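What follows is the residue order along each chain.
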Amino acid sequence: MAKRRPVIAGNWKMFKTVSEAENYAVSFLEEVKDVTELDIILCAPFTALYPLKNELEESVVHLGAQNMSWADQGAYTGEISAQMLLDVACTYVILGHSERRELFGETDQEIAKKVKKALAAGLTPILCVGENLNVREEGKAAERVQGQVTLALSSLSTEELSRMVIAYEPIWAIGTGKTASSKDAQEMCAAIRNTLTDLMGLNAEKVPILYGGSVKAENIAELLNEPDVDGALVGGASLDPLSFAKLVHNAAAVVARVVGI
Ligand code: 13P
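Residues numbered from 1 in each chain as written. Predicted model: local features only at pLDDT ≥ 70, side-chain atom pairs only at ≥ 80, totals over all residues. Heavy atoms only, no water.

1. What to know about the overall build of the chain
A count of helical and extended segments in the chain gives eleven helices and eight strands. Taken over C-alpha atoms, the radius of gyration comes to 17 Å for the chain, in line with the 18 Å a tight globule of 261 residues would show. Referenced to the eigenvectors of the C-alpha coordinate spread, the extents of the chain come out at roughly 50 × 45 × 35 Å. Within the chain, the proportion of its 261 residues that are buried is 52%. Counting contacts in the chain only where the partners sit at least 6 residues apart, residues at least 24 apart contribute 74% of the total. A total accessible area of about 11,600 Å² is found for the chain, and carbon and sulfur atoms account for 52% of it. (Helix = DSSP H or I, 4+ residues; strand = E, 2+ residues; numbered from the N terminus. Rg over C-alpha atoms; globule rule 2.2 N^0.38 Å. Buried < 20%, exposed > 50% of the residue type's maximum accessible area, 1.4 Å probe, protein only. Contact = heavy atoms within 4.5 Å. Areas by Shrake-Rupley, 256 points an atom, 1.4 Å probe, with all protein chains shown as cover.)

Here it is in structure tokens:
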């Protein structure tokens with residue numbers, strides 16, 4: 001198992017109205033309120049963040065957003081600032097998700113600016129990286145992913161880098177039911193850690209690296225048993241509070257087994 005405190009983050013994507021989010025929070029919290037072995041995060045749509053702030057206050061569940069602007073404030077129609085996220089008690093923000101890159105044209109340069117801004121504001125960025133199927137079949141997956149990490153992070157100080165979370169999400173495994181094998185996930189998370197070591201030396205050992213792509217209650221334990229996989233970013237399987245709670249409990253059981261609780 002990894003040496004870092006595990007992180008299990010749900011990414012709801014563009015699902016859930018305010019009332020659905022509130023109902024979810026009530027059932028989910030009831031199920032996970034005693035989980036202390038890992039960090040739990042819910043990354044909700046913007047409109048659900050304020051109601052969730054109230055529901056999750058003083059609970060074990062942290063709140064995250066799914067995107068953010070690189071600008072502080074001003075004439076940026078449709079954008080949301082870091083300050084606005086802090087205002088609704090967000091502590092995490094997903095940046096550079098493959099859906100933002102592929103469907104909305106986000107570039108590595110924009111993502112780098114967003115990461116810098118989130119860190120300056122005191123938010124923890126969850127930087128997503130990952131290759132598509134063509135790149136994997138050409139044997140260039142590691143090169144692509146390490147390149148994305150370098151482009152997003154190379155202007156950061158060691159102090160800033162040590163406040164990051166990285167998520168490796170192979171695009172071919174997102175929403176497809178195809179999970180990368182735990183060996184594939186380990187291999188790429190280790191490659192990402194090598195890139196981090198180039199950027200920040202031994203401090204790279206402290207950065208949580210998550211895997212994302214068809215993670216479910218049934219496969220989380222195997223993934224978490226790998227030394228460089230520190231948790232998961234979960235899409236579809238985070239949408240139902242009881243199944244997501246089961247996934248969280250299965251992850252907590254891996255930690256408990258290793259530390260002998
Ligand atoms: P799925 O878990 O639905 O494959 O989505 C993964 C993902 O994109 C999380 O950010």
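Moving on from the coordinates now.
2. Here we look at the pairing of strand β4 (residues 92-95)
Here β4 shows two buried faces, one formed by Tyr 92 and Ile 94 and the other by Val 93 and Leu 95. Of the strand pairs in this sheet, β4 and strand β5 (residues 124-129) are connected by four bridges, and their pairing is parallel. Of the residues in β5, the one forming a bridge with Leu 95 is Leu 127. (Pairing = 2+ DSSP bridges.)

3. What to know about the packing of aromatic side chains
With the rule as written, the count across this model stands at five aromatic pairs. Both rings, one in Tyr 24 and one in Phe 28, keep their centres 5.5 Å apart while their planes meet at 45 degrees; by these two values the pair is tilted. Highlighted residues: Tyr 24 and Phe 28, both in helix α1 (residues 18-32), separated by four residues, approximately one helical turn. For the pair Tyr 24 and Phe 28, one class covers both residues: buried. (Phe/Tyr/Trp six-rings, centres within 6.5 Å; stacked < 30°, edge-to-face > 60°.)

4. Considerations on the UniProt feature "active site" (unreviewed entry) in the chain
UniProt tags His 97 and Glu 169 as "active site" (unreviewed entry). Spanning 73 residues, the annotated positions come together in the fold, the maximum distance between their C-alpha atoms being 8.4 Å. Looking at where His 97 falls in the secondary structure, it is placed in the loop between β4 and α4 (98-104). Once residues within four sequence positions are removed from consideration, His 97 is found in contact with Asn 11, Lys 13, Cys 128, Glu 169 and Ile 174. Separated by 2.9 Å, the side chain of His 97 and the backbone nitrogen of Glu 99 make a polar contact. With respect to the secondary-structure elements, Glu 169 resides in the loop between β6 (165-168) and α9 (182-200). Discounting chain neighbours no more than four positions away, the residues touching Glu 169 are His 97, Cys 128, Val 129, Gly 130, Glu 131, Ile 174, Gly 212, Gly 213 and Leu 233. A distance of 3.0 Å separates polar atoms of two side chains, one belonging to Glu 169 and the other to His 97. (UniProt positions renumbered as here; feature names shortened; annotations may be inferred. Polar contact = N/O pair within 3.5 Å; in protein donor to acceptor, adjacent residues only side chain to side chain.)

5. Looking at the site of the ligand
What surrounds the ligand is a group of 13 residues, the closest being Lys 13, His 97, Gly 175, Ser 214 and Gly 236. A distance of 2.9 Å is found between an oxygen atom of the ligand and a backbone nitrogen or oxygen belonging to Gly 235. Burial of the ligand by the protein chains amounts to 95% of its free accessible area of 310 Å². Partitioned by chemical class, the residues of the shell around the ligand number four nonpolar, seven polar and two charged. (Near = heavy atom within 4 Å. Nonpolar A, V, L, I, M, F, W, Y, C, P; charged D, E, K, R; others polar.)

6. A closer look at the nonpolar core
In this structure, Phe 28, Leu 153, Ile 192 and Leu 196 are the most contacted members of the largest nonpolar core, which totals 73 residues. Residue contacts for Ile 192: discarding those within four places in its chain leaves Val 129, Val 145, Val 149, Ile 166, Tyr 168 and Ile 209. Counting twelve residues, the second largest nonpolar core, distinct from the first, contains Ala 9, Cys 43, Ile 94 and Ile 126. (Core = buried A, V, L, I, M, F, W, Y, C linked by side-chain atoms within 4.5 Å.)

7. Some remarks on helix α2 (residues 46-56)
The complete set of buried residues in α2 reads Ala 48, Leu 49, Pro 51, Leu 52 and Leu 56. Considering only its buried residues, α2 is in contact with α1, β2 (39-43), β3 (61-65) and α3 (82-87).

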